[in-house]
Amino acid sequence: MGIDNLILWALVIAAHGVFFYRLYVIYNLVNLGQGTLGLDRIPGRIADLLIKGFGQKLVIRERSGWGHFFIFWGFWVITFGTLEGLIRGLFPGHFTFAFLGPIYPFMNTMADFFGTIVMVAIALALYRRFVIKPKRLEGPLSHQIDAVVILGLIVGLICAFFGMSVLVDRPGLMPMTSLLRSVFHGGTAAETIEEAGAAFYGIEWFHNLIVLSFLVYIPYSKHVHVVTALPNLFFRDERIKGRIEKLDLEDESAESFGVVTLKDYSAKELLDVMACTECGRCQESCPAYNTGKPLSPKKVVLDIKEHLLRDGPALLKDPEAEPAHALYGDVIEGDVLWACTSCGACEEVCPVEIQPMTKLLKIRQARVLMEGDFPKEAQNALRNIETQSNPWNIAQDTRGDWCKDLGVTTMADNKDVEYLYFVGCAGSYDHRYIDVSTALVKILQQAGVTFSILGSEEMCTGDSAKRIGNELLAQTMAQSNVETFDSYGVKKIITSCPHCFNTIKNEFPEYGGDYEVIHHADLIEQLVRDGKIKPNPSKTDSHDKVTYHDSCYLGRYNDIIESPRAVIAMAAGAGNYVEMERSGMNSFCCGAGGGRMWMEETIGTSVAGDRAKEAIDTGAKTLATACPFCMTMLTDGVKGLGKGDEVQVRDIAEIVADSLDG
Ligand code: SF4
Ligand code: SF4
Ligand code: SF4
């Protein structure tokens, strides 16, 4: 073995030592969190890893993700050549993978192809980052340097691969190598490595040094996600979309509830922050960020990551110690915490399934449950829900008054019905939304659907309380409702409010309440398809263009996207429908979720105004919704833009009721 082999051995061992030591530290930091990384349902985890990780399914949901796809796969393919170069450098002789037979030319062909593609993808990535400069890729200088270093190392690796290929002939179809050879090497190549001599030897050393630099640099850089993203997808916790897990408030051993310090997050939640690719997709889709609030979900994740890397090592030495910085206050400030609308967009778009929103809501739980600290206006709404079971503090015993003259029965009078119609607070008390409840009653009665309401026995579902962080109140509401439902043997429930829908469908099962829940969008569509009602578009008020705003809790959380559009088409005519750019899963929040409905919007511009403008820009004269919160916010948004007389905000149930005879 020559001295050059021995030097490379020393460097390889040192680089691997640095690499694995850093991984060991990261592993321990992650394990500062609660519990362990899940190892149940292995086949599902492997499927996630293959489809979302290696298949890059979530990355390529947007066009710019294809660049990452090719860099990712190019990297794996080129690893073949990387290994060959490293092994050759470690041992005497001129090692190649030629002994693999037909696989060798195939791999050379792939390396030539992907090497070319990766160079193009990197050029485009650099152009995008430094010339187009999308806001979502902005970050501190150190992060920009990181990106250039990593991309530079990959470029160096590929150049070295092509350099060696140009000098020595390899089997395989290698058009890029041939082109470079004819430009830089007179179209000739050596038959063997010995023949290529010192030039080949120099490039090989350059190549091996780059590989080892990569190994050392990666786990210390922002690109640590190269190592952590795939495990993050593998260890993904399976959870029900739309559900905020119930806290065990009866756990007498618990010293706190919610997340007070970073040690209160689960190990998986800490792995999450280490896996952030800094792609900024979450930030780009965040309604709070887009309207000038200090909240950026990307920054939330990166700030928690920095907190973990900065304060975590001391906690590893003394597990009883508290972090040097406070999670709330030092790391996540109040204006950031309370700006979240719980729209879920950040979690939906993240290519590595990180959950910024859930991290914020857990801090809210701690603020409310441990400190009683939350925005003043929200305090009023929660107090009202506590005393009168609705956020407006209107007498509970008047909850059923809205339908006194509509011939609607209560469960107490008549429980021999197919459905419970859970009206919700807005549908019961809000004057504008009572029109929607009334329209729905007309539809149900005309279709011959049997239903009753609970009237004064109905209570708020606790959605807002839950998302503000008042778990105790949310649990009380949920428990009471489930007991009432069960006392009447309820099996099927209609809701108009997507927040009620989401809570009853996705969260009440945690209280033993399993029901078939249907939102009026789905139900109306079904009734029309079954011929139970016959909308007549010529009768509706909505003759002009209609657009539809997807409520986050209906669309993104519960995949109810097609039925509201189908209903509008049936009632207002398909030709009258016009879509907004941000729609369906990519819809833009109205700004009311997460308890924001009850808080003042004092920073930045209006979220509802932003959304209303998008709707108005389509030229629609009717902005349709299927949610009471959205209706309130968008009505304000439209009025705020001075278009209150030109554009009406209507629920799909109203549009359908208008189109019916009688
Ligand atoms: S849930 Fe919505 S508002 Fe909250 S951080 Fe995510 S994108 Fe922003
Ligand atoms: S949290 Fe996800 S979407 Fe946001 S920057 Fe990180 S990887 Fe991208
Ligand atoms: S979740 Fe919202 S709309 Fe539904 S009942 Fe509670 S406050 Fe009313």
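Please refer to the structure higher up on the page.
Residues numbered from 1 in each chain as written. Chains lettered and ligands numbered in written order. Predicted model: local features only at pLDDT ≥ 70, side-chain atom pairs only at ≥ 80, totals over all residues. Heavy atoms only, no water.

## Comments concerning the sheet that holds strand 8 (residues 648-651)
Spatially, the three strands line up as an open sheet ordered 6-7-8, and their pairing is parallel. Each edge of the open sheet is held by one strand with a lone partner, namely strand 6 (546-548) and strand 8. Across the sheet, the axes of successive neighbouring strands diverge by a mean angle of 30°, strand direction being ignored. Two elements, strand 7 (residues 622-625) and strand 8, share four bridges in a ladder whose sense is parallel. In the sheet register, T622 faces strand 8, and the bridge partner there is Q648. Packing against the sheet, helix 24 (residues 562-572) makes contact with strand 6 and strand 7, and its axis sits at approximately 165° to strand 6. (Pairing = 2+ DSSP bridges. Helix = DSSP H or I, 4+ residues; strand = E, 2+ residues; numbered from the N terminus. Axes fitted to C-alpha atoms, helices over the stretch in contact; angles between N-to-C directions. Contact = heavy atoms within 4.5 Å.)

## Here we look at the site of ligand 2
Every residue near ligand 2 is listed here: C276, T277, E278, C279, G280, R281, C282, K298, C350, P351, V352 and I354. Of the residues that constitute the shell around ligand 2, the class distribution is seven nonpolar, two polar and three charged. (Near = heavy atom within 4 Å. Nonpolar A, V, L, I, M, F, W, Y, C, P; charged D, E, K, R; others polar.)

## Focus on a negative patch on the surface
Judged by side-chain charge, D248, E250, D251 and E252 come together as a negatively charged surface patch. By the element assignment, D248 lies in the loop between helix 9 (225-234) and helix 10 (267-274). Judged by relative accessible area, D248 falls into the exposed class, the value being 51%. (Patch = residues over 30% accessible without salt bridge, like charges linked within 9 Å, V, L, I, M, F, W, Y side chains within 5 Å. Areas by Shrake-Rupley, 256 points an atom, 1.4 Å probe, with all protein chains shown as cover. Salt bridge = Lys/Arg side-chain N within 4 Å of Asp/Glu carboxyl O. Lys, Arg positive; Asp, Glu negative; His and termini not counted. Charge placed at Lys NZ, Arg CZ, Asp CG, Glu CD. Buried < 20%, exposed > 50% of the residue type's maximum accessible area, 1.4 Å probe, protein only.)

## Side note on the environment of D522
By the secondary structure assignment, D522 is in helix 23 (residues 520-529). As for D522 and S563, which are separated by 41 residues in sequence, their C-alpha atoms are 5.5 Å apart. D522 has contacts with I560 and S563, leaving out every residue within four places of it along the chain.

## Some words on the packing of aromatic side chains
Geometrically, a pair of aromatic rings is defined through the distance of the ring centres and the angle of the planes. The full count for this structure, using the stated rule, is 29 aromatic pairs. Here the aromatic rings of W66 and F70 are separated by 6.3 Å at their centres, their planes lie at 35°, and the arrangement is tilted. Of this pair, W66 and F70 both sit in helix 3 (residues 65-90), four residues apart, roughly one helical turn. Classification of F70 by relative accessible area gives partly exposed; the value is 25%. Summarising the aromatic geometry, the rings of F508 and Y511 are spaced 6.5 Å apart at their centres and angled 75° between planes, so their arrangement reads as edge-to-face. Across the pair, Y511 and F508 agree in class, each one buried. An aromatic cluster is defined as three or more aromatic residues linked by ring pairs; in this entry it consists of W66, F69, F70, F113 and F114. Against the face of Y511 rests K246, its NZ or CZ located 4.5 Å from the ring centre. Its guanidinium or amino end placed over the ring of F588, R582 lies 3.9 Å from that ring's centre, counting from NZ or CZ. (Phe/Tyr/Trp six-rings, centres within 6.5 Å; stacked < 30°, edge-to-face > 60°. Lys NZ or Arg CZ within 6 Å of the ring centre and 35° of its normal.)

## What about the site of ligand 1?
Residues in contact with ligand 1, as listed here, are C286, P287, L295, C340, T341, S342, C343, G344, C346 and M357. Split by residue class, the shell around ligand 1 holds seven nonpolar, three polar and no charged.

## Section: the packing of helix 25 (residues 607-617) against helix 26 (residues 628-640)
At a minimum axis distance of 8 Å, the contact between helix 25 and helix 26 shows a crossing angle of 70°. With respect to helix 26, the element helix 25 is oriented roughly perpendicular. Between helix 25, through A608, G609, R611, A612 and I616, and helix 26, the contact on the second element is made entirely by M633, L634, G637 and V638. Across the contact of helix 25 with helix 26, the residue classes tally to six nonpolar, two polar and one charged. (Parallel < 35°, antiparallel > 145°, perpendicular 65-115°, else oblique.)

## As for the pattern of salt bridges
Inspection of every chain in the model, using the stated rule, returns 40 salt bridges. A salt bridge links R45 to D40; its shortest N-O distance comes to 2.5 Å. By relative accessible area, which is 2% here, R45 ends up buried. A relative accessible area of 46% means that D40 is categorised as partly exposed. Residues E269 and K362 are paired through a salt bridge, measuring 2.8 Å at the closest nitrogen-oxygen approach. Of this pair, E269 sits in helix 10 while K362 sits in helix 16 (residues 356-371), and the two are 93 residues apart along the sequence. Residue E269 is classed as buried on the basis of its relative accessible area of 6%. Classification of K362 by relative accessible area gives partly exposed; the value is 28%.

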